Amino acid sequence: MKTSDFDYTLPEALIAQHPLDRRSASRLMLVNKENGEVTHRHFYDIIDELNAGDVLVLNTTRVIPARLIGEKVGGSATAEVLLLKPSADKKDRWECLVRPGKRLKAGAQISFGDGRLTAEIVDMTESGRLVDFSYDGIFEEVLAELGTMPLPPYIHEKLDNPDRYQTVYAKQSGSAAAPTAGLHMTQDLLTQIREKGVEICEVLLHVGLGTFQPVKEEDALEHHMHSEFYEVTPEAAACLNRAKEEGRRIICLGTTSVRTVESAAHEGKVCAGSGWTDIFIYPSYQFQVTDALITNFHLPKSTLLMLVSALAGREEILAAYHEAVERKYRFFSFGDAMFIR
């Protein structure tokens, strides 16, 4: 499977740099996965596309203010640390990206907020550094005081309201990036969806920055996926299994919800539990749980573009993307949405 087969041309002007004033005002492209037919609406029309008995799967992860700017101890050089995921081996140890990497080797220390928080580089990892943090108080509160939202690298404008990089249903902190398809959803829409008879199923996957990384290998199957923590409660597993048994449609809001439910599926059944997943979904994958998907428009040559191609077909998705470019849809995290049904 060639990575170049998942490339497309995107004018930089179509990369959304800020969210719309109204979450649900984004455009919504409807793609029929059976025949590739494309129609156009707005996200607030999603209520018309859902049916009583459908299950809508939400990823309730909450983005942490994971970007820290400080100074290297013993000098005045500015240092940046981006938290990726906590270590399973030791409390207050995180896998991080650091800059400037050449100057921050094992043993280096960084001070944030005049010593309110300090970090020591412990070791190198495949994707960055292992970092031990020291502080007084509660880590989440210190991070909320000193950290900022880790916006994706293609967003160059400052975000005035950090809550716009959170879904309205976010609950459990731990993500380094937002499950961005959910940014279109509002509490009013969720109320309407419930009132229509759609069942809401909540799962959890803490999103890592690997979600933004393009595949660099020409043979896409040589790409290494970074692992992410997920959890499916017994209640969520029961909800999904009932729907499958009764032939009801399971619609995932976002690719992170897809990766969660498919990671938890074994022989057609969703199993409750938690752990780390590095699932890679690409064309030829046989979906066990997901019937339909609400998602954003993804980067060229990305694993997420491969995932949506697995659901709707590579040629069909690339044709839809070409039409989205022609119609000047807004792309990526703060961009417009697509419903593959």
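How each quantity is defined
Residues numbered from 1 in each chain as written. Predicted model: local features only at pLDDT ≥ 70, side-chain atom pairs only at ≥ 80, totals over all residues. Heavy atoms only, no water. UniProt positions renumbered as here; feature names shortened; annotations may be inferred. Pairing = 2+ DSSP bridges. Helix = DSSP H or I, 4+ residues; strand = E, 2+ residues; numbered from the N terminus. Axes fitted to C-alpha atoms, helices over the stretch in contact; angles between N-to-C directions. Parallel < 35°, antiparallel > 145°, perpendicular 65-115°, else oblique. Left-handed = near helix turned anticlockwise from the far one by under 90°. Contact = heavy atoms within 4.5 Å. Nonpolar A, V, L, I, M, F, W, Y, C, P; charged D, E, K, R; others polar. Buried < 20%, exposed > 50% of the residue type's maximum accessible area, 1.4 Å probe, protein only. Polar contact = N/O pair within 3.5 Å; in protein donor to acceptor, adjacent residues only side chain to side chain. Domains from an automatic or database assignment. Buried area = accessible area lost by both parts, 1.4 Å probe. Salt bridge = Lys/Arg side-chain N within 4 Å of Asp/Glu carboxyl O. Patch = residues over 30% accessible without salt bridge, like charges linked within 9 Å, V, L, I, M, F, W, Y side chains within 5 Å. Areas by Shrake-Rupley, 256 points an atom, 1.4 Å probe, with all protein chains shown as cover. Lys, Arg positive; Asp, Glu negative; His and termini not counted. Charge placed at Lys NZ, Arg CZ, Asp CG, Glu CD. Phe/Tyr/Trp six-rings, centres within 6.5 Å; stacked < 30°, edge-to-face > 60°.

Under an unreviewed UniProt entry, the protein chain has the name S-adenosylmethionine:tRNA ribosyltransferase-isomerase and belongs to Peptococcus niger. The UniProt entry for the protein chain carries this comment under Sequence similarities (unreviewed entry): "Belongs to the QueA family." According to the UniProt record, the Catalytic activity (unreviewed entry) comment for the protein chain reads "7-aminomethyl-7-carbaguanosine(34) in tRNA + S-adenosyl-L-methionine = epoxyqueuosine(34) in tRNA + adenine + L-methionine + 2 H(+)".

In this section: the sheet that holds strand 5 (residues 67-72). Pairing in this closed barrel of six strands is antiparallel, and the strands run 5-6-7-10-9-8 around the ring. Between one strand and the next, the sheet's axes are offset by a mean angle of 45°, whatever the strand orientation.

Our focus in this paragraph is the packing of helix 5 (residues 255-263) against helix 6 (residues 303-312). One can describe the packing of helix 5 onto helix 6 by two numbers: an axis separation of 11 Å at closest approach and a directional angle of 70°. One way to sum up the angle between helix 5 and helix 6 is to call them roughly perpendicular. As helix 5 runs across helix 6, the sense of the crossing is left-handed. Between helix 5 and helix 6, the contacting residues are Thr255, Val258 and Arg259 on the first element and Leu304, Leu307 and Val308 on the second. Looking at the contact of helix 5 with helix 6 residue by residue, the classes come out as four nonpolar, one polar and one charged.

What follows concerns the side chain of His206. Within the secondary structure, His206 is located in the loop between strand 12 (199-205) and strand 13 (228-232). For His206, a relative accessible area of 13% puts it in the buried group. A polar contact is formed between the side chain of His206 and the backbone oxygen of Ser173, at a distance of 3.5 Å. Excluding residues that lie within four positions of it along the chain, His206 makes contacts with Thr61, Gln172, Ser173, Gly174, Ser175, Glu228 and Phe229.

Another point: the domain arrangement of the protein chain. Once the domains are mapped, the protein chain shows domain 1 (3-63 + 161-340) and domain 2 (67-148). If you average the C-alpha positions of domain 1 and of domain 2, the two centres end up 31 Å apart. With six residues of domain 1 at the interface, the matching set in domain 2 holds eight residues. When domain 1 packs against domain 2, close to 570 Å² is buried across both sides, 63% of that on carbon and sulfur atoms. Per-residue buried area on domain 1 facing domain 2 is highest for Leu209, His226 and Trp276; these three make up 54% of the total on that side. In this assembly, domain 1 and domain 2 are joined by zero salt bridges. Here domain 1 and domain 2 share one residue pair in polar contact (both at pLDDT 80 or more) between them. A class-by-class count of the residues in the side of domain 1 that touches domain 2 yields three nonpolar, three polar and no charged.

Let us now look at helix 6. Two residues of an α-helix separated by three or four positions point the same way, owing to the 3.6 residues in each turn. In terms of burial, helix 6 is a largely internal element, ten of the ten residues being buried. Buried within helix 6 are the following residues: Thr303, Leu304, Leu305, Met306, Leu307, Val308, Ser309, Ala310, Leu311 and Ala312. On its buried face, helix 6 is in contact with helix 5, strand 18 (292-296), helix 7 (314-326) and strand 19 (337-340). Positive phi shows up at Gly313, right after helix 6, with a value of about 100°.

Let us now look at a negative patch on the surface. Residues Asp5, Glu218, Asp219 and Glu222 make up a contiguous surface patch of negative charge. Here Glu218 is to be found in the loop between strand 12 and strand 13.

Now for the pattern of salt bridges. On inspection of all chains with the given rule, the structure shows 19 salt bridges. With its nearest N and O atoms 3.1 Å apart, the salt bridge here joins Glu49 to Arg341. Placement of the pair is Glu49 in helix 1 (residues 46-49) and Arg341 in the segment after strand 19, with a sequence separation of 292 residues. Overall, the relative accessible area of 32% leaves Arg341 in the partly exposed class. Close ionic contact of Lys91 with Asp92 constitutes a salt bridge, the shortest N to O distance being 3.2 Å.

Let us now look at the packing of aromatic side chains. By the definition in use, this model includes 15 aromatic pairs. Ring plane angle 65° and centroid distance 5.5 Å describe the contact between Phe297 and Tyr329, whose orientation is recorded as edge-to-face. Note that Phe297 is positioned in the loop between strand 18 and helix 6 and Tyr329 in the loop between helix 7 and strand 19, a separation of 32 residues in sequence. Of the two residues, Phe297 and Tyr329, neither departs from the other in class, the shared state being buried. Ring centres of Tyr321 and Phe331 lie 6.0 Å apart, and the angle between their planes is 75°; this geometry places the pair in the edge-to-face category. Of this pair, Tyr321 sits in helix 7 while Phe331 sits in the loop between helix 7 and strand 19, placing them ten residues apart in sequence. Each member of the pair, Tyr321 as well as Phe331, carries the same accessibility label: buried. Cluster of aromatic residues (ring-pair linked, three or more members): Tyr8, Tyr154, Phe297, Tyr321, Tyr329, Phe331 and Phe332.

Attention now goes to the sheet that holds strand 18. The nine strands lie next to each other as 2-1-19-18-14-3-12-13-17, forming an open sheet whose pairing is mixed. Lying at the two open borders of the sheet, with one neighbouring strand each, are strand 2 (38-42) and strand 17 (273-277). Neighbour-to-neighbour, the strand axes of this sheet turn through a mean angle of 25°, independent of strand direction. In this structure, strand 14 (residues 250-253) lies alongside strand 18, joined through three bridges in parallel fashion. Residue Leu253 lies in a different strand from strand 18, and its bridge partner there is Ile294. Packed on one face of the sheet, helix 6 meets strand 18 and strand 19 and runs near 150° to strand 18.

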